[in-house]
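Survey of secondary and tertiary structure
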Amino acid sequence: MALPDTSVPIEVLALVARLVEERAGLHYAGENLTIFAEKAASRAEEVGFASLLDYYYFLRYDPDGGAELDALVNALVVHETYFFREEAPLRVAVRDIIAPIVRGGGRARVWCAACATGEEPLTLAVMLADEKLLDGVEIVASDVSGRALARAQGGVFWRRSLRALPLDAARWITVEGDRGAVRPDLVASVRWAQVNLVDAPSVAALGAFDVILCRNVLIYFSDATVRSVVATLAGALRPGGRLVVGVSESLLRFGTLLRCEERGGSFFYAKDAP
Ligand SMILES: C[S@@+](CC[C@H](N)C(=O)[O-])C[C@H]1O[C@@H](n2cnc3c(N)ncnc32)[C@H](O)[C@@H]1O
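Quick caveat: nothing in here was measured; it's all calculated off a predicted structure. (Residues numbered from 1 in each chain as written. Predicted model: local features only at pLDDT ≥ 70, side-chain atom pairs only at ≥ 80, totals over all residues. Heavy atoms only, no water.)

Reading across from one edge, E3-E5-E4 is the order of the three strands in this open sheet, with antiparallel pairing throughout. Pairing within the sheet leaves two strands with one partner each, and these edge strands are strand E3 (156–158) and strand E4 (173–176). For this sheet, the mean inter-axis angle between neighbouring strands, taken without regard to orientation, is 25°. Pairing analysis gives four bridges linking E4 to strand E5 (residues 179–182), with the strands arranged antiparallel. If you follow isoleucine 173 over to E5, its bridge partner there is valine 182. (Pairing = 2+ DSSP bridges. Helix = DSSP H or I, 4+ residues; strand = E, 2+ residues; numbered from the N terminus. Axes fitted to C-alpha atoms, helices over the stretch in contact; angles between N-to-C directions.)

Set out below in structure tokens:
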């Protein structure tokens, strides 16, 4: 393991990193370990520990260690996202997968599995509302970070989130200066939940979905964790359901049982009916 540029002992760092990986799947190696060292040391100092080793003992053995580990995960996760990010697969999912279910009289279920501060599920809600499909769809949006979900439910977003807004966005978001407020009925159309993707029972409790969006989060996991999370997500798909990952992410090298298909220039992983 390469020694990062930090005064934190590498052995202790590895112990804390392993706790974080066990808890939330986040894998730190190489250059990322330096960022991890800085964030972990700063969190340890913030909550009053003189050394990272003391902090590790607390995380590992104190009855309140689990809650602090969650707080550390919250401090580590990257919530980078914005409205209409990678919109093409969303439009194809609405047109080819969701619309046929709803127009055929069914109710579609869609899960945004690492929704960060909510821009992705709200983009989907806007697209569905435009197609008069929203009433026929249950959107569940989840993230491991309670802090991110609280921001999502607040419905107010800042400049970075607004960088790709379409010209006609005033129908659903009121932008004033640096901030935009999304129509409350759209925020309320999403069911928000705190779910850790490496916690298979919590995922199973959500039920089965026609579409699962799990975008730009698998990049933070090791290959072993990706395999296990994808297997969990496959279990949460209805027969005929589709998993969507980020445009720069591919599952092909993992040999998943899901079938990769290209639709309208976007890639989907399909769970074929038995
Ligand atoms: C870069 S954001 C992606 C947001 C959105 N899906 C997108 O593509 O714009 C990654 C999100 O994954 C979440 N995350 C990281 N590990 C997770 C886990 N084990 N379970 C659920 N969410 C997790 C982070 O909290 C963060 O909000």
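Attention shifts here to the domain arrangement of the protein chain. Reports often express the size of an interface as the amount of accessible area lost when the parts come together. What the domain assignment lists for the protein chain is domain 1 (10–76) and domain 2 (87–270). Listed per partner, the contact involves ten residues of domain 1 and ten residues of domain 2. Here domain 1 meets domain 2 over a buried area of about 670 Å², counting both sides, of which 48% is carbon and sulfur. Counting every contact that joins domain 1 to domain 2 gives zero salt bridges. (Domains from an automatic or database assignment. Contact = heavy atoms within 4.5 Å. Buried area = accessible area lost by both parts, 1.4 Å probe. Salt bridge = Lys/Arg side-chain N within 4 Å of Asp/Glu carboxyl O.)

This paragraph deals with the pairing of strand E8 (residues 237–245). Bridge count between strand E7 (residues 209–214) and E8: five bridges; the pairing is parallel. Looking at E8, one finds that leucine 213 is bridged to valine 244. Considered for its hand, the β-α-β crossover made up of E7, helix H10 (residues 223–235) and E8 is right-handed. Relative to strand E10 (residues 266–270), E8 is paired through two bridges, and the arrangement is antiparallel. Along E10, the bridge assignment pairs leucine 243 with tyrosine 269. (Right-handed = clockwise from strand over helix to strand, strands pointing away.)

Here we come to the site of the ligand. In the vicinity of the ligand, 21 residues are found, and the nearest of them are Ala24, Thr81, Arg85, Asp143 and Asn216. The separation between a nitrogen atom of the ligand and a polar side-chain atom of glutamate 120 is 3.4 Å. Within the side chain of asparagine 216, a nitrogen or oxygen atom sits 2.8 Å from an oxygen atom of the ligand. A total of 600 Å² of accessible area belongs to the ligand in isolation, and the protein chains cover 99% of it. Mapping the ligand onto the cavity grids shows that it belongs to the largest pocket. Tallied by class, the residues present in the shell around the ligand amount to twelve nonpolar, four polar and five charged. (Near = heavy atom within 4 Å. Polar contact = N/O pair within 3.5 Å; in protein donor to acceptor, adjacent residues only side chain to side chain. Areas by Shrake-Rupley, 256 points an atom, 1.4 Å probe, with all protein chains shown as cover. 1 Å grid on protein atoms, 1.4 Å probe; cavity = no way out; pocket = protein on both sides within 12 Å on 5 of 7 lines; lining within 4 Å. Sits in = over half its atoms within 2 Å of the grid points. Nonpolar A, V, L, I, M, F, W, Y, C, P; charged D, E, K, R; others polar.)

Time to look at the pattern of salt bridges. One pass over the full model with this rule turns up 23 salt bridges. Of the charged contacts in the structure, one is a salt bridge between glutamate 80 and arginine 160, with a shortest N-O distance of 2.7 Å. One end of the pair, glutamate 80, is in the loop between helix H4 (65–76) and helix H5 (87–103); the other, arginine 160, is in the loop between E3 and E4, with 80 residues separating them in the sequence. Given a relative accessible area of 57%, arginine 160 falls into the exposed group. Aspartate 96 serves as the salt-bridge partner of arginine 95, at 2.7 Å between the closest nitrogen and oxygen. Using a relative accessible area of 53% as the deciding quantity, one classes arginine 95 as exposed. On the accessibility criterion, aspartate 96 (25% relative accessible area) is partly exposed. Linked by salt bridges that have partners in common, Arg95, Asp96, Arg242, Arg259, Glu261, Arg263 and Asp272 make up one network. (Buried < 20%, exposed > 50% of the residue type's maximum accessible area, 1.4 Å probe, protein only.)

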